[in-house]
Amino acid sequence: MASPFRVFVIFAIGIILPAGLLGYLGFKSFQYENIVLKNQSEQRYTAIADSIQKNANDFFLGLVDALHLLSESEAFQKWNSPLMINQVLRTSDIKGFPVKRLFVFDEQERMVVPYQSDGSATVGAATDGELDWGSFAGDIHRIERLEFVDKNNAEAIKGYEALKSKPLPDKLQTALLKNIASCYRKINDTRSAETAYIELIKRFDHYPDPVGYPDGILGRQLLAELYDATAQKEKALSVRLDLIEGILFSRWNVSSVQAEKIRKQVEDAIAGKMADAQAFGKEERERWSSLQSQKSRLESLRLSGKEFLKSEWPIAVKRLQSHGWLDKGGVLLSEINSKKKSVDIRGNELMVVSPVLDSSSHHRKGLMVAILDGPSVWKVLDSILMNQTQPAGLTFAWAQISVTSSWKPGLKRSLDVISPALTFTLFFPTADAQGDFLRHRMWTYGGMIGLSLLVIVIGLIVMLQAMKREKENADLKAEFVANVSHELRTPLTAISYIGERLNLGRFKSQEEVKEFYSMLGEETNHLRELIEDILDFSKMMGGKKVYRKEPTSLTEIIEEAHARFDVKARAQGFSVSLKLPSEPVTLMLDGKAIRQVVLNLLDNALKYSGDSREIVVGMNVSSKEVVLSVQDFGIGIPSQEKEKIFEKFYRVGQGMVRDTQGGVGLGLAMVKHIVEGHGGRVTFISADGKGSTFFLTFPREEQR
Ligand code: ADP
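None of these values were measured; they are calculated from a predicted model.

Draft legend 1. Representation of the overall build of the protein chain within the structure. A tally of helices and strands in the protein chain yields 19 helices and 17 strands. When the 704 residues of the protein chain are sorted by exposure, 43% land in the buried category. Taking as baseline every contact in the protein chain between residues at least 6 positions apart, the subset at least 24 positions apart corresponds to 68%. Element-wise, carbon and sulfur atoms account for 55% of the exposed surface of the protein chain, whose accessible area totals about 38,200 Å².

This is the structure:
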């Protein structure tokens, strides 16, 4: 009995256990995948942070490089001569960044640009006033005699020129050129004097004369005088403008006091001339006014240079030294001078330092410092961050910006080429595509696992029910076999008993013999009916039962059945009353089958009448249908059984009833089959303990 259930339990465990295991494995793999995806995204974010860090660092190193490149230009290599600040300024747009200020320092960390000399600057070597003529002393004396004693300028010029063509030190060359020029002036050869001055200017622009004046200045002053004397106003003006420009842009290495003096002199000369001479061209006027305006700009630059030198330079140098950056170049945040402890990353200035290297020895000969415009630098940095964080859905913040607490803590990096290092943090997105994807997958996975478990559970329930039904059926069949055997045995026992009595001649009278024979006939009939019933039923179930329908009077059939049943009913004290219409009701029926139906119902009514002894058969005829009813007043059918009584082999499970009343549970199943085979239906009403009424409803239209 328990074995199918045991099989089921094993089966269920066999399915649920692997399913559960599969679900668990699925969940685990989902978890692992989650971790992998998370790691992947973290790796991606790390790569982004690294790349931002690298790009930003590279950006600053690029600025250092740009300055470095600038420092390799010619102007920086002619270290002995003062740098031409205008040249530097013209190239000071580094990598598209407006350089606010540019400072250059020499090896001793003295500011070279803007020129800050306060007289202490080295001004060449020849300051003794005495020229060392060396081996040419004799020649020189001879020629000077010609010039100054004999006043023979023409001869003197010849002598000087001859001497000049020899390889002489610069010191002598410059002296000779000046002498040659003055001789030409004396003989009024303006042209040649001009040529000599121009040569002096060109070849020895930065060469200091015995007083420390560069020959470039002296030559120009003399040239201007020459032009004045020969009334070449425009040329004189142009040379003086050159002078002022050179002074303004620190072209020559003169002390600031000297420079100021010269500038004033030249300016006075120009201003006077400008006032009374209208002859000067537009070009000169414009140049004059532009120089005037440059003056204040350069002045302020010089001032800021002084300021810078005083306040920021020592700290910057210290910091650069501590980082070993003096020879590599570096980037300093402008806060170096501020008293604030934290870095003001939105500061207005950024300091980029690059060493100036000697092109031949590669030694550092100085440092160049560019002060960059803060906002444009932050713009570049922000765009570097933005470009990479935006597509990834990341948020970023510079170290000092307070962070919204809802942001997920992220990756921190520092721009370490800057001193002090500037840090930024990347924050993971709170909601990103990947998160959505994971959630989506979680639902899909969960749904799949849940659904498959549900299907398995439902399947098991259905199976369990099927098994239950199967078992019930098996039980019913077993009961059926027992009932049939019992039903068969009863008449057989009677038959064999009567046969034995007749055989042994054990009877009292001929009357009794007659009675025996009729009993024998009855029991045999009973036996045949039972067997026929079973055969019929098996035919019905096999679908082989064919109803031979012909116009038949239903009332007649009922009367026939009643007649047959009445004997048995009377014997048991039953009164069966017929309430039939007077007119015969004819339908298309298989008479034999329908009679069997009526007999079955009557039989049941009798079997389950309990103490009641009354059965009523009625018929209700309408235009549409004929309803036949068989009513008893017996035990009734418990409501929970109502569904099942039409099932084959089913019998209401009351031991008493079954034991006392014969039956194999086929009757109602057959009734239903036959009536439905006639297009009709079987219904009943029943009240527990008060009796039941079965209704057979046949449609009329079909039969007409
Ligand atoms: P059986 O051979 O046991 O009578 P049936 O198929 O005719 O088999 O009936 C099935 C069951 O329905 C019976 O066992 C009985 O319990 C119940 N039943 C049938 N007719 C009646 C009735 N008139 N009153 C009470 N119970 C009935």
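Draft legend 2. How the structure looks around the side chain of S553. If you trace the backbone, S553 turns up in strand 11 (residues 550-553). Reaching out from S553, the side chain makes a polar contact with the side chain of T555 at a distance of 2.9 Å. In terms of polar contacts, S553 uses its side chain to reach the backbone amide nitrogen of E556, at 3.2 Å. In this structure, S553 is in contact with P584, V585 and T586, ignoring residues within four places of it in sequence.

Draft legend 3. Fine view of a nonpolar patch on the surface. Taken together, the side chains of L451, L454, V455, I458 and V462 present a nonpolar region at the surface, about 480 Å² in accessible area. Note that V455 resides in helix 14 (residues 433-504). Given the relative accessible area of 54%, V455 is considered exposed.

Draft legend 4. Up close: the sheet that holds strand 16 (residues 681-687). Taken together, five strands build an open sheet; the order of strands is 12-14-15-17-16 and the sheet is mixed. Single-partner strands in this sheet number two, and they are strand 12 (575-579) and strand 16. Put simply, the sheet's adjacent strands are angled 15 degrees from each other on average, direction ignored.

Draft legend 5. Quick peek at the packing of helix 15 (residues 510-542) against helix 19 (residues 667-677). Running from N to C, helix 15 and helix 19 point in directions that differ by 50 degrees, and their axes come no closer than 11 Å. The angle between helix 15 and helix 19 places the two elements in the oblique class. Between helix 15 and helix 19 lies a crossing of left-handed hand. Along its contact with helix 15, which presents D533, D536, F537, M540 and M541, the element helix 19 presents A669, M670, H673 and I674.

Draft legend 6. Region of the structure containing the site of the ligand. Every one of the 18 residues lining the ligand counts as a neighbour, but K607, Y608, D632, R651 and L668 are closest to it. Y608 is positioned such that a nitrogen or oxygen atom in its side chain is 2.8 Å from an oxygen atom of the ligand. Separating an oxygen atom of the ligand from a backbone N or O atom of G667 is a distance of 3.3 Å. In isolation the ligand offers 520 Å² of accessible surface; the protein chains occlude 97% of this area. Elements supplying a minimum of two residues to the shell around the ligand: helix 17 (591-607), helix 19 and strand 17 (691-699). Of the residues assigned to the shell around the ligand, the class counts are nine nonpolar, six polar and three charged.

Draft legend 7. The packing of helix 7 (residues 190-203) against helix 8 (residues 215-229), seen in detail. It is the contact of helix 7 with helix 8, at a shortest axis distance of 8 Å, that shows an interaxial angle of 160 degrees. The pairing of helix 7 with helix 8 is recorded here as roughly antiparallel in orientation. Pair helix 7 / helix 8 crosses with left-handed handedness. Facing T190, A193, E194, Y197, I198, L200 and I201 of helix 7, the residues of helix 8 in contact are D215, G216, G219, R220, L222, L223, L226 and Y227.

Draft legend 8. Molecular detail of unusual backbone geometry. Unusually for a residue other than glycine, N188 sits at a positive phi of about 60 degrees. In this structure, A231 is a non-glycine residue whose phi angle is positive, near 55 degrees. With respect to the helices, strands and loops of the structure, A231 is situated in the loop between helix 8 and helix 9 (233-248).

Draft legend 9. Fine view of the environment of L476. In this structure, L476 sits in helix 14. Distance in space between the C-alpha atoms of L476 and F649 is 5.7 Å, their sequence separation being 173 residues.

Draft legend 10. Broad picture of the confidence of the model for the protein chain. Here the protein chain shows a mean pLDDT of 81. Residues at 70 or above account for 86%. Below pLDDT 50 for its whole length, residues 118-130 participates in 14 contacts with residues either more than four positions away or in separate chains. Counting interchain partners and residues more than four positions distant, the pLDDT-below-50 stretch residues 654-660 has six contacts.

Draft legend 11. The arrangement of the environment of D475 in detail. Mapping D475 onto the fold places it in helix 14. Each C-alpha atom of the pair D475 and F649 lies 9.5 Å from the other, and the pair is 174 residues apart in sequence.

Draft legend 12. Up close: helix 4 (residues 137-149). Here helix 4 spans 17 Å end to end across 13 residues, near enough to the 18 Å set by a 1.5 Å rise per residue. All of the buried residues in helix 4 are I140, I143, L146 and E147. On an axial view of helix 4, the arc spanned by its buried residues comes to 125 degrees, and they lie on one face. Opposite its buried face, helix 4 presents the exposed residues H141, R145 and V149, each directed more than 90 degrees away. On the buried face of helix 4, the contacting elements are helix 5 (153-164) and helix 6 (170-186).

Draft legend 13. Seen up close, the nonpolar core. Counting 49 residues, the largest nonpolar core has L554, I615, F694 and L696 as the members making the most contacts within it. No other element matches helix 17, which puts nine residues into this core. In this structure I615 touches F565, F574, S575, V576, S577, L602, A605, L606, V630 and Q631, once residues within four positions along its chain are discounted.

Draft legend 14. Here's a closer look at the pattern of salt bridges. Tallied over the full model, the rule gives 23 salt bridges. Salt-bridge contacts for D242 lead to R287; the nearest nitrogen and oxygen are separated by 2.6 Å. With D242 in helix 9 and R287 in helix 11 (residues 282-311), this residue pair connects regions lying 45 residues apart in the sequence. Taking the relative accessible area as the measure of exposure, R287 reaches 26% and is therefore partly exposed.

Draft legend 15. Focus on the packing of aromatic side chains. Enumeration according to the criterion identifies nine aromatic pairs in this entry. An angle of 25 degrees between the planes, with centres 5.1 Å apart, marks the rings of F684 and F694 as stacked. Of this pair, F684 sits in strand 16 while F694 sits in strand 17, and the two are 10 residues apart along the sequence. Among the residues examined, F684 registers a relative accessible area of 17% and is labelled buried. Overall, F694 belongs to the buried group, its relative accessible area being 8%. Here the aromatic residues F103, F105, F308 and W313 are joined through ring pairs into a cluster of three or more.

Draft legend 16. How the structure looks around the pairing of strand 10 (residues 422-428). When you tally the buried positions in strand 10, you get six out of seven residues, the bulk of the element. Here strand 7 (residues 395-398) runs beside strand 10; their pairing, made up of four bridges, is antiparallel. Paired with T395 across the strands is F427, a residue of strand 10.

Draft legend 17. Inspection of the environment of A66 at higher detail. Within the secondary structure layout, A66 lies in helix 1 (residues 3-71). Separated by 288 residues in the primary sequence, A66 and S354 have C-alpha atoms spaced 8.7 Å apart.

How each quantity is defined
- Here, residues in each chain are numbered from 1, in the same order as that chain's written sequence.
- Where totals are concerned, whole chains, interfaces and linings use all residues; where local detail is concerned, this predicted model gives features only for residues with pLDDT of at least 70, and gives and counts side-chain atom pairs only at 80 or more.
- The basis for every side-chain value is the complete set of heavy atoms in the structure, and neither hydrogens nor water enter the calculation.
- Numbering of helices and strands runs from the N terminus, with a helix taken as a DSSP run of H or I at least four residues long and a strand as a DSSP run of E at least two residues long.
- Exposure categories follow from relative accessible area, calculated using a 1.4 Å probe and restricted to protein chains: below 20% of the type maximum is buried, above 50% is exposed, and the middle band is partly exposed.
- A contact between two residues is defined here by any heavy atoms of the two lying within 4.5 Å.
- Note on areas: Shrake-Rupley, 1.4 Å probe, and residue coverage restricted to the protein chains presented here.
- Polar contacts, as used here, are pairs of N or O atoms within 3.5 Å; protein pairs need one atom able to donate a hydrogen and one able to accept it. Residues neighboring in sequence count only if both atoms are side-chain atoms.
- The patches described consist of residues with a relative accessible area above 30% and no salt bridge, like charges being joined within 9 Å and nonpolar side chains (Val, Leu, Ile, Met, Phe, Trp, Tyr) within 5 Å.
- By definition here, a salt bridge exists when the distance from a side-chain nitrogen of Lys or Arg to a carboxyl oxygen of Asp or Glu is within 4 Å.
- Strand pairing follows a simple DSSP-based rule, namely that at least 2 bridges must link the two strands.
- A fitted line through C-alpha atoms serves as each axis, taken over the contacting stretch for helices, and the angle formed by two N-to-C directions is quoted from 0 to 180°.
- Roughly parallel means an angle under 35 degrees; roughly antiparallel means over 145; roughly perpendicular covers 65 to 115; every other angle is labelled oblique.
- If you view the pair so one helix is near and one far, a crossing is left-handed when the near helix is turned anticlockwise from the far one by less than a right angle, and right-handed when it is turned clockwise.
- Only a single heavy atom is needed: when it lies within 4 Å of a molecule or strand, its residue is near that molecule or strand.
- When residues are grouped by polarity, Ala, Val, Leu, Ile, Met, Phe, Trp, Tyr, Cys and Pro land in nonpolar, Asp, Glu, Lys and Arg in charged, and all others, Gly among them, in polar.
- The pLDDT value tells you how sure the predictor is about a given residue, anywhere from 0 up to 100.
- Here the expected span of a helix is defined as 1.5 Å times the quantity of residues minus one.
- The directions considered for the arc run from the helix axis to the C-beta atoms.
- We call a set of buried residues a nonpolar core when its members are Ala, Val, Leu, Ile, Met, Phe, Trp, Tyr or Cys and they connect through side-chain atoms within 4.5 Å of each other.
- Pairing of aromatic rings covers Phe, Tyr and Trp, the last through its six-membered ring, and needs centres within 6.5 Å; plane angles under 30 degrees mean stacked, over 60 mean edge-to-face, and all others mean tilted.

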